[in-house]
Each structure stands twice: as C-alpha cells, then as structure tokens.
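# Working through the structure, step by step
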Amino acid sequence: MKKTIILILSILFISPLIHSQIPKSICVKPGISTAFMHYSNGKTYTYQGSFYVGVNLEFMQHKYFSILAEGGFVSKSDNFVYISPLFKARMEFGKFIPYVYAGPRLDFVVTTYSQRQTGSYEKYNISVFGLSYGVGLELMFWPFGYVLGFQHQYDISNVLSESKISPEDSNYNHSTLIFSIGMKAYFGKRE
C-alpha cells in the first residue's frame, strides 16, 4: 500500500513539470467486459457482460505515434478502477484511423462481491499490476470522432492472496476482454 501511494504521489508531482504537454484529445468509451478468473489450482471462472467505462487523454501526438494516459472502471469478479500509461501507434487513412496500443496498468479494488455476500474473511491485494493492450478504429469528424475498440487486460499479480472460505482457491488473477464504443473530442487546430 505504501509503495502504491508513493507511486501515485510521484506521478502527481512530476506531471506538472512536463512542459508543453497539452492533451491533443480526450476520449470517453463505455462498453462491456468478460472476465476470466484464473486460480492457482487450475480452475477458471467466467463473468460475462460486466460494465466498463474508460477515459483517456492523448499526448505528444506524432504522425504515427502518441502517448495515452488512461483511467477507468471495470467490473470483473470484483469492481476495480485503473490507471494506465499507453503507447499508441496509428495510421491515418483520411477520416479512418486504425490503431494499436499497449502499456502497463495498475488496478485498485473498489468493492469485493464475495466479502459483501458471505461476510467471511478474504485477504485482497489493494492494488493489482497488469498489462493492457488492444486495437481500435477511429472515425474522425473534426473536432469530434467515434471510436470502436477491443482491449485485453491481463493481471500479472494476484487479486486474492488468502481465503478462509476455500483455502485451495487462495490465489487468482484476471484476464479481461473489453469491447467499447466511444466519443472523442480533439483540441487545438487541425494539422
């Protein structure tokens, strides 16, 4: 927990020091997710049709590359908020812009379903480290655009580290598939 707080405070203090990094665009993208819980004993459970919403800011826009700062809410087996810096590569074909992106992700547990339902003891990791990557298609109508995307979020660290409900299911992580449709607003003048 202490390392997570130090990381967040470092990002907050360093980000104002980066000069001339005005966002080029902002995108809001709601969608649905399907989460797979992978337990250490080999079991896998599926949660389909869960809620997702993501927001990202695009910085340092080059002709083919840019940096995204993304945050969002995703409902997997539990509810999480996440932050993620992403590297984006794209090609522009007039109004159509296909792109790919990837980067690290940090999830924070907001609510846990099993504790709320059973009232029994489980030890959750407050933060979960993972990776995000995906593909998308942007349809630009300056100063707005529509975005269609597919994202995969993979957890590297475990969500649950101890359970007295079922000790054999003590460790698990997620693999989440997300489909989203969103709206994008561009800032500044069109190049």
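Coordinates for the structure precede this section.
Position labels on residues start from 1 in each chain and follow its written sequence. Thresholds applied to this predicted model are a pLDDT of at least 70 for local features of residues and 80 or more for the giving and counting of side-chain atom pairs; totals over whole chains, interfaces and linings are not thresholded and use all residues. Just so you know, side-chain values use all the structure's heavy atoms and leave hydrogens and water out.

### A short note on the overall build of the chain
Rules: Strands here mean DSSP runs of E at least two residues long; helices mean DSSP runs of H or I at least four residues long; both are numbered from the N terminus. For the exposure calls, accessible area comes from a 1.4 Å probe over protein chains only, and a residue counts as buried if that area is under 20% of its type's maximum, exposed if over 50%, partly exposed in between. Per-residue and other accessible areas were derived by the Shrake-Rupley procedure at a 1.4 Å probe size, with only the shown protein chains allowed to occlude residues.
Counting its secondary structure elements, the chain contains two helices and ten strands. Put simply, the chain runs from its N terminus to its C terminus through helices and strands in the order α-β-β-β-β-β-α-β-β-β-β-β. Burial status across the chain gives 39% buried among its 191 residues. Only carbon and sulfur atoms are counted for the fraction: they give 69% of the accessible area of the chain, which is about 10700 Å².

### Some words on the pattern of salt bridges
What counts, and what does not: Salt bridge criterion: a side-chain nitrogen from Lys or Arg within 4 Å of a carboxyl oxygen from Asp or Glu.
Enumeration according to the criterion identifies eleven salt bridges in this entry. With its nearest N and O atoms 2.7 Å apart, the salt bridge here joins Glu 58 to Lys 184. Placement of Glu 58 in strand E2 (residues 44-59) and of Lys 184 in strand E10 (residues 172-186) is noted, with a sequence separation of 126 residues between them. Like Glu 58, the residue Lys 184 is buried in the burial classification. For Lys 76, the salt bridge goes to Asp 107, with nearest N and O atoms at 2.9 Å. Of this pair, Lys 76 sits in the loop between strand E3 (65-75) and strand E4 (79-90) while Asp 107 sits in strand E5 (residues 96-111), and the two are 31 residues apart along the sequence. Pair check on accessibility: Lys 76 and Asp 107 agree, each one buried.

### Topic: the side chain of Asn 79
Our working rule: N or O atoms within 3.5 Å of each other form a polar contact, as long as, within protein, one can give a hydrogen and the other can take it, and as long as residues adjacent in sequence are counted only when both atoms are side-chain atoms.
You can see Asn 79 is positioned in strand E4. With a relative accessible area of 12%, Asn 79 lands in the buried category. Here the side chain of Asn 79 touches Ser 75 through a polar contact of 3.0 Å, side chain to side chain.

### What about the nonpolar core?
When a protein is soluble and globular, its nonpolar side chains tend to lie buried together. This is how it is decided: Nine residue types can take part in a nonpolar core, namely buried Ala, Val, Leu, Ile, Met, Phe, Trp, Tyr and Cys, and a core is a set of them joined through side-chain atoms within 4.5 Å. Two residues qualify as a contact provided that any one of their heavy atoms is within 4.5 Å of a heavy atom in the partner residue.
Counting 13 residues, the largest nonpolar core has Tyr 52, Val 74, Phe 80, Tyr 124, Val 159 and Tyr 172 as the members making the most contacts within it. Apart from residues lying up to four places away in sequence, Phe 80 is in contact with Gly 72, Phe 73, Val 74, Asp 107, Phe 108, Val 109, Val 110, Val 128, Val 159 and His 174. In terms of nonpolar packing, the next biggest core, distinct from the first, is built from six residues, Leu 68, Tyr 99, Tyr 101 and Val 147 among them.

### Here we look at the pairing of E4
Condition: The pairing criterion for strands is at least two bridges between them, as found by DSSP.
Relative to E4, E3 is paired through eleven bridges, and the arrangement is antiparallel. Within E4, the residue paired with Phe 73 across the bridge is Val 81. The turn linking E3 back onto E4 is made up of three residues. Sheet topology note: the E4/E5 ladder contains nine bridges and is antiparallel. Note that in E5 the partner of Lys 88 across the bridge is Tyr 101. Connecting E4 to the antiparallel partner E5 that follows it, the hairpin turn spans five residues, and Gly 94 within it adopts a positive phi of roughly 65 degrees.

### Some thoughts on the pairing of E2
Consecutive side chains of a regular strand alternate in pointing toward one face of the sheet and then the other. In this sheet, E2 lies alongside strand E1 (residues 25-39) in antiparallel orientation, the contact comprising 13 bridges. The partner of Ile 32 across the bridge, within E2, is Phe 51. Where E1 folds back on E2, the antiparallel hairpin that results is connected by four residues, among which Gly 42 adopts a positive phi of roughly 100 degrees. Inspection of the sheet shows E2 paired to E3 by eight bridges, in the antiparallel sense. Looking across to E3, one finds that Gly 54 is bridged to Gly 72. Where E2 hands over to E3, the hairpin turn is made up of five residues, of which Met 60 adopts a positive phi near 50 degrees.

### Considerations on the environment of Gly 49
By the element assignment, Gly 49 lies in strand E2. Residues Gly 49 and Gly 31, 18 residues apart in the sequence, show an inter-C-alpha distance of 9.2 Å. Residue contacts for Gly 49: discarding those within four places in its chain leaves Ser 33 and Thr 34.

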